[in-house]
Amino acid sequence: VLADFAPTLRRGGLHLSTFCQLPDPNAIEALAKTKLDSFIFDMQHGMFDEAAVLAGVAAASLEGKPAFVRLPVDAGGLASRVLDFGAAGVVCPMVNTVADAERLVSYIKFPPIGARSWGPRRAIPLSGLSAPGYLARANELTLAIAMIETRQALDNLDAILAVPGVDGVFVGPSDLSVSLSGGATLDSAEVASALDHIAARARTAGKIAGIFAINPAYAVDCATRGYSFIALMQDAMFMQQAADGAVAAVREK
Ligand code: 3PY
Ligand code: MG
């Protein structure tokens, strides 16, 4: 599960993930049967706790799909733990400074890049590697992704991208808009104009450019702008939109 996706993602191939906020492993099993490439279990705004991450990684891996985890704010220590559970990488919200990025890397990468503690109980069997093999390849295979979602993060973008061990950045368009507009809107025009810049700086740094896309049209636009790691909508949105679409198709007859 770990071995396949990271090199493709690093090469900039389109990778379509989604945010999972509903922690039931049956829901993840169902989504794992779709053409989505991976999942991001959301411990920040979704209902995922550690037990749900553990069960969710199992459900996703039944279909050979990687599962990332978005951490709560200021919970970097959880990063090593979810990697030990077999998560393929960590998406960390509100990485605003070089110090934030370095702290993230310290939890995710083994020395010499970081200071991750050894104990990949679940990660080793899921990776199909031996313990020495996992130690040798974990820094390459498990991803540290820093969310860029404030004006401060935007100002520090190049420095954050330059931190060794940061594999990529991931735009949170809503928080970025809230920050850039001083709390005025979720839909600031300034975000749209920052999107090309962020993708271009990430690609120049040789790092992954990721973003959350609220709908397919936005995802297509982001892919055109150079984003390759796209979280396409959220699990509950898929359910609601499919249900409303089906109901409308019947009522409109
Ligand atoms: C944001 O838009 O702020 C996000 O975090 C998307 O998940
Ligand atoms: Mg956000």
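Everything that follows concerns the structure shown earlier in this document.
Summary of the structure given here. Predicted, not measured: the structure shown is a model, and the values here were computed from it.

Some details on helix α10 (residues 173-180)
Step number 1: Every buried residue of α10 is accounted for by P173, L176, S177 and L180. Looking down the long axis of α10, one finds its buried residues gathered within 100° of arc, a one-sided arrangement.
Step number 2: Structurally, α10 contributes buried residues whose contacts are with α8 (151-155), β6 (168-171), α11 (189-204), β7 (208-213) and α12 (216-224).
Step number 3: Note on α10: the residue one or two positions beyond its end, G182, has a positive phi of about 60°.

Some remarks on the environment of I148
Step number 1: On the secondary structure map, I148 appears in strand β5 (residues 143-148).
Step number 2: The exposure class of I148 is buried, given its relative accessible area of 0%.
Step number 3: Along the sequence, I148 and P93 sit 55 residues apart, while their C-alpha atoms lie 7.5 Å from each other.
Step number 4: Apart from the residues lying within four places of it in its own chain, the contact partners of I148 are V95, A153, L154, L157, I160, V169, F170, V171, G172 and I198.

Considerations on the coordination of the magnesium ion (ligand 2)
Step number 1: For the magnesium ion (ligand 2), the full set of protein donor atoms is E149 (OE) and D175 (OD), and the range of their distances to it is 2.1 to 2.2 Å. Of this pair, E149 sits in the loop between β5 and α8 while D175 sits in helix α10, placing them 26 residues apart in sequence.
Step number 2: E149 sits in the buried class, given a relative accessible area of 2%.
Step number 3: Taking the relative accessible area as the measure of exposure, D175 reaches 25% and is therefore partly exposed.

Definitions and limits used
- Residues numbered from 1 in each chain as written.
- Chains lettered and ligands numbered in written order.
- Predicted model: local features only at pLDDT ≥ 70, side-chain atom pairs only at ≥ 80, totals over all residues.
- Heavy atoms only, no water.
- Buried < 20%, exposed > 50% of the residue type's maximum accessible area, 1.4 Å probe, protein only.
- Helix = DSSP H or I, 4+ residues; strand = E, 2+ residues; numbered from the N terminus.
- Arc of directions from axis to C-beta.
- Contact = heavy atoms within 4.5 Å.
- Donors = N, O, S within 2.8 Å, 3.2 Å for Na, K, Ca; no water.

These values are about where atoms sit, not about what they do.
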